[in-house]
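# Architecture at a glance
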Amino acid sequence: MRTGAENLLKVATNQKVREQVRLELSFVNSDLQMLKEELEGLNISVGVYQSTEEAFAMPLIPLGLKETKDVDFSVVLKDFILEHYSEDSYLYEDEIADLMDLRQACRTPSRDEAGVELLMTYFLQLGFVESRFFPPTRQMGLLFTWYDSLTGVPVSQQNLLLEKASVLFNVGAIYTQVGTRCNRQTQAGLESAVDAFQRAAGVLNYLKETFTHTPSYDMSPAMLSVLIKMMLAQAQESVFEKFCLPGIRNEFFMLVKVAQEAAKVGEVYQQLHAAMSQAPVKENVPYSWASLACVKAHHYSALAHYFTATLLIDHQLKPGADEDHQEKCLSQLYEHMPEGLTPLATLKNEQQRRQLGKSHLRAAVTHHKESALEASLCKKLRHIEVLQEVLSAAHERSWLKYTQHQADDDLLTLIDAPNIASKTEQEAEITLPQFSKLEVTDFFQKLGPLSVFSANKRWTPPRSIHFTTEEGDLGFTLRGNAPVQVHCLDPHCSAALAGAKEGDYIVSIQGVDCKWLTVSEVMKLLKSLGEDGIAMKVVSLLDSTSSMHKCATYSVGMQKTYSMICLAIEDNDKTDKTKKISKKLSFLSWGASKNRQKSASTLCLPSVGVSRPQIKKKLPSPFSLLNSDSSLY
């Protein structure tokens, strides 16, 4: 509607029409802006996914999950199995159904560790699917659509890049929701919150470094960098709450540590707010997020100044006290001591301590006012009651202490409060995802070992080799692991005369699937058949140069038909004088007739009987602010 109105405004010449269009366009833009704000509120509210426990603590920010549309893998994967692997695709209906069920479950995961495991399982399974069915030289015709978690704008791609990146993003999002729902009134709950936010940062960092060209803006490197900073800031905030949970003793050295811990939290939130205010993320970061980061930066800076003021005003240097230790702590508390003051002289001079302490109280009150003002300017933050209560209580406490020590001559001895050095006993760090700890079985392992039977390798269709042994001699040896290859083939043996070639992969013997059997197992199977006729099926690997020479259309993205494969094999076999022409012609005519009968890229070829191997493969690694019992809070 807006586009139509804008086009009409461009071409209209009548002044009345132009004024009416401008008026309508202003209404449309206003409605669209309101709709955008409402849509953002559904997925980015800081009021959702908070802990259900009654807690006097600052709210935390969770990420909303990305939404997606249904995807039907069945037709595309069946066609590819038939075309590329030369197997009956109907034998894999259960596996395809399992894959689609897993994806469907990932659209609504539980917000806990089970949900994380579900999404990680699907992500690792996508690694197998990509290797099996997504060759790098062509599109598969599957369209994956995901919605931006911040703006709701849909993005679509025909490869698995967007699918894998979006699943990883949701893993990080669930970790953030786990962190915000932790009970922050217990030590275990706070430790879980720290761990969850660090894991969220690790997943998002892996996403940023691995998937660098995702089209969705919420997964752009710039936005992911901001989200990582936000997760680490919330982890550091949880570290501070864990430090304060047992209670804050009104003791000099304890207050020094608390002040520096609070300064650390204020510092990381100040850095986060600065990152959120930079282009290009400034236009897309929710206003409530940036506002809350600014509120917390001022709030925790105020706490640092308050605790510093308390240790200076309430604790005088007494005879017998450890002067050296206190002097060292005070010198390390500041980035720079105020001009004209030294740590030891300040400790011994009661008036200097009091004046310096009151300067910190003034700074604390100023920061509290700034945090309250910032919170009042944001509509969403104004309605979070616990936030308003925390800010109000902290402000009143600092103001009360300031008024208790305020004197008439304060303006004459006014000094600026020095910056407090940030320091923490536990730095929030990124915890990288450990994919190797999760065991995932390839749904399509019946196709054979992934090292050989993958989408980026091509073979001839399975060839039936009927041969006999001579006095137990096969006429060839075996090499390799699973699948095994024909090696040292005697050109005059029965197998060679029947069409076997050096380097052929053995896929079945007497109808028994051999793709996962080792050399010793295949040899044992061959010897068990005695000197009776042996029916063996083999495939030959085609190199890229020969495939491009024999079938140029495949190199530009066209689907390779089986008649093309058969023509290529026929051309290769013209030099084989031992092969009977009648067999070759019948195979060619059969492939061509089947290609003519093909409908909707679905073929029906005879296939080797297979059974699901009982082998599990691991995917290789790619891939309460302060305690209420405290005497100070």
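Residues numbered from 1 in each chain as written. Predicted model: local features only at pLDDT ≥ 70, side-chain atom pairs only at ≥ 80, totals over all residues. Heavy atoms only, no water.

## Considerations on the packing of aromatic side chains
This structure, assessed with the given rule, holds 16 aromatic pairs. Relative to Tyr-85, the ring of Phe-80 has its centre 6.0 Å away and its plane inclined at 70 degrees; by these criteria the two rings are edge-to-face. Neither Phe-80 nor Tyr-85 differs from the other in exposure class; each is buried. Both rings, one in Tyr-85 and one in Trp-459, keep their centres 5.6 Å apart while their planes meet at 35 degrees; by these two values the pair is tilted. Of the two residues, Tyr-85 sits in the loop between α3 (74-84) and α4 (93-106) while Trp-459 sits in strand β3 (residues 458-459), which places them 374 residues apart along the sequence. According to the relative accessible area criterion, Trp-459 is buried, its value standing at 6%. Over the aromatic face of Tyr-92 sits the side chain of Lys-446, whose NZ or CZ is 4.7 Å from the ring centroid. (Phe/Tyr/Trp six-rings, centres within 6.5 Å; stacked < 30°, edge-to-face > 60°. Buried < 20%, exposed > 50% of the residue type's maximum accessible area, 1.4 Å probe, protein only. Helix = DSSP H or I, 4+ residues; strand = E, 2+ residues; numbered from the N terminus. Lys NZ or Arg CZ within 6 Å of the ring centre and 35° of its normal.)

## Looking at the packing of helix α9 (residues 252-276) against helix α10 (residues 287-314)
Put simply, α9 and α10 touch, their axes get as near as 7 Å, and they point 160 degrees apart. Judged by the inter-axis angle, α9 sits roughly antiparallel to α10. Of the two possible hands of crossing, α9 and α10 adopt the one that is left-handed. When its residues are assigned to classes, the contact of α9 with α10 shows 21 nonpolar, six polar and one charged. (Axes fitted to C-alpha atoms, helices over the stretch in contact; angles between N-to-C directions. Parallel < 35°, antiparallel > 145°, perpendicular 65-115°, else oblique. Left-handed = near helix turned anticlockwise from the far one by under 90°. Nonpolar A, V, L, I, M, F, W, Y, C, P; charged D, E, K, R; others polar.)

## Some thoughts on the pattern of salt bridges
Close approach of charged atoms lets side chains of opposite charge pair. With the rule as written, the count across this model stands at 18 salt bridges. Taking the shortest distance from any N to any O, the salt bridge between Asp-70 and Arg-107 comes out at 2.3 Å. One end of the pair, Asp-70, is in the loop between α2 (15-44) and α3; the other, Arg-107, is in the loop between α4 and α5 (113-133), with 37 residues separating them in the sequence. Residue Arg-107 is classed as partly exposed on the basis of its relative accessible area, which comes to 27%. Lys-78 is the partner of Glu-93 in a salt bridge, and the nearest nitrogen-oxygen pair spans 2.9 Å. Of this pair, Glu-93 sits in helix α4 while Lys-78 sits in helix α3, and the two are 15 residues apart along the sequence. Counted as one network, the salt bridges with shared partners bring together Glu-87, Asp-513 and Lys-515. (Salt bridge = Lys/Arg side-chain N within 4 Å of Asp/Glu carboxyl O.)

## Quick word on unusual backbone geometry
With an omega of 5 degrees, the peptide bond running from Ala-279 to Pro-280 counts as cis. For Pro-280, the location among the structural elements is in the loop between α9 and α10. Following Ala-482, the chain continues to Pro-483 via a peptide bond in cis, the omega torsion being -5 degrees. The backbone phi angle of Ser-86 is positive, close to 55 degrees, even though this residue is not glycine. Along the polypeptide, Ser-86 turns up in the loop between α3 and α4. Take Ser-86: its relative accessible area is 7%, and that puts it in the buried class.

## Some words on α5
Taking 1.5 Å of rise per residue, 21 residues should cover 30 Å, and α5 covers 30 Å from first to last C-alpha, within 8% of that figure. A side-chain oxygen of the first residue of α5 lies 3.1 Å from the backbone nitrogen of Ala-114; this N-cap is Asp-112. (Expected span 1.5 Å × (residues − 1). Polar contact = N/O pair within 3.5 Å; in protein donor to acceptor, adjacent residues only side chain to side chain.)

## Observations concerning the nonpolar core
Ranked by internal contacts, the top residues of the largest apolar core, which has 134 residues, are Phe-133 and Phe-444. Per-element accounting of this core gives the leading share, 16 residues, to α10. The residues touching Phe-133, leaving out its near neighbours within four places in the chain, are Leu-77, Phe-80, Ile-81, Tyr-85, Met-140, Phe-444, Leu-447 and Ala-455. Counting 20 residues, the second-largest nonpolar core is a separate cluster that includes Val-484, Cys-493, Cys-514 and Val-538. (Core = buried A, V, L, I, M, F, W, Y, C linked by side-chain atoms within 4.5 Å. Contact = heavy atoms within 4.5 Å.)

## Concerning the packing of α5 against helix α6 (residues 160-181)
Look at α5 against α6: their axes get within 9 Å of each other, and the N-to-C directions meet at 165 degrees. It follows that α5 is roughly antiparallel to α6 by the angle criterion. The hand of the α5/α6 crossing is left-handed. In contact with Glu-113, Gly-115, Val-116, Leu-119, Met-120, Tyr-122, Phe-123, Leu-126, Val-129 and Glu-130 of α5, α6 contributes Leu-160, Glu-163, Lys-164, Val-167, Leu-168, Asn-170, Val-171, Ile-174 and Tyr-175.

## Examining the confidence of the model for the chain
Taken residue by residue, the chain gives an average pLDDT of 80. The fraction at 70 or more is 78%. This stretch, residues 544-633, has a pLDDT under 50; its non-local contacts, to residues over four places away or in other chains, come to 151 contacts. (pLDDT = per-residue confidence, 0-100.)

## Considering a negative patch on the surface
On the surface, Glu-470, Glu-471, Asp-473 and Asp-490 cluster together into a patch of negative charge. Counting through the fold element by element, Asp-473 comes out in the loop between β4 (463-467) and β5 (477-479). The partly exposed category is assigned to Asp-473, whose relative accessible area is 49%. (Patch = residues over 30% accessible without salt bridge, like charges linked within 9 Å, V, L, I, M, F, W, Y side chains within 5 Å. Areas by Shrake-Rupley, 256 points an atom, 1.4 Å probe, with all protein chains shown as cover. Lys, Arg positive; Asp, Glu negative; His and termini not counted. Charge placed at Lys NZ, Arg CZ, Asp CG, Glu CD.)

## Observations concerning the pairing of β4
The alternating pattern of β4 places Arg-463, Ile-465 and Phe-467 on a buried face, while none of Ser-464 and His-466, on the opposite face, is buried. When β4 meets strand β9 (residues 534-539), the two strands line up antiparallel, connected through five bridges. Opposite Ile-465, over in β9, you have Met-536 as the bridge partner. (Pairing = 2+ DSSP bridges.)

## Remarks on a nonpolar patch on the surface
A cluster of nonpolar side chains, contributed by Leu-8, Val-11 and Val-17, occupies part of the molecular surface with about 250 Å² of accessible area. Inspection of the secondary structure puts Val-11 in helix α1 (residues 2-11). Classification of Val-11 as exposed rests on a relative accessible area of 63%.

## Overview of the environment of His-299
Its place among the elements puts His-299 in helix α10. For the pair His-299 and Ala-364, spaced 65 residues apart in sequence, the C-alpha to C-alpha distance is 8.5 Å.

## Topic: the pairing of strand β1 (residues 144-147)
As a general feature of sheets, a regular strand has side chains that alternate between the two faces. Across four bridges, β1 lies against strand β2 (residues 154-157) in antiparallel orientation. Bridge assignment links Phe-144 to a residue of β2, and that residue is Gln-157. What sits between the antiparallel neighbours β1 and β2 is a turn of six residues, in which Gly-152 has the positive phi angle 80 degrees.

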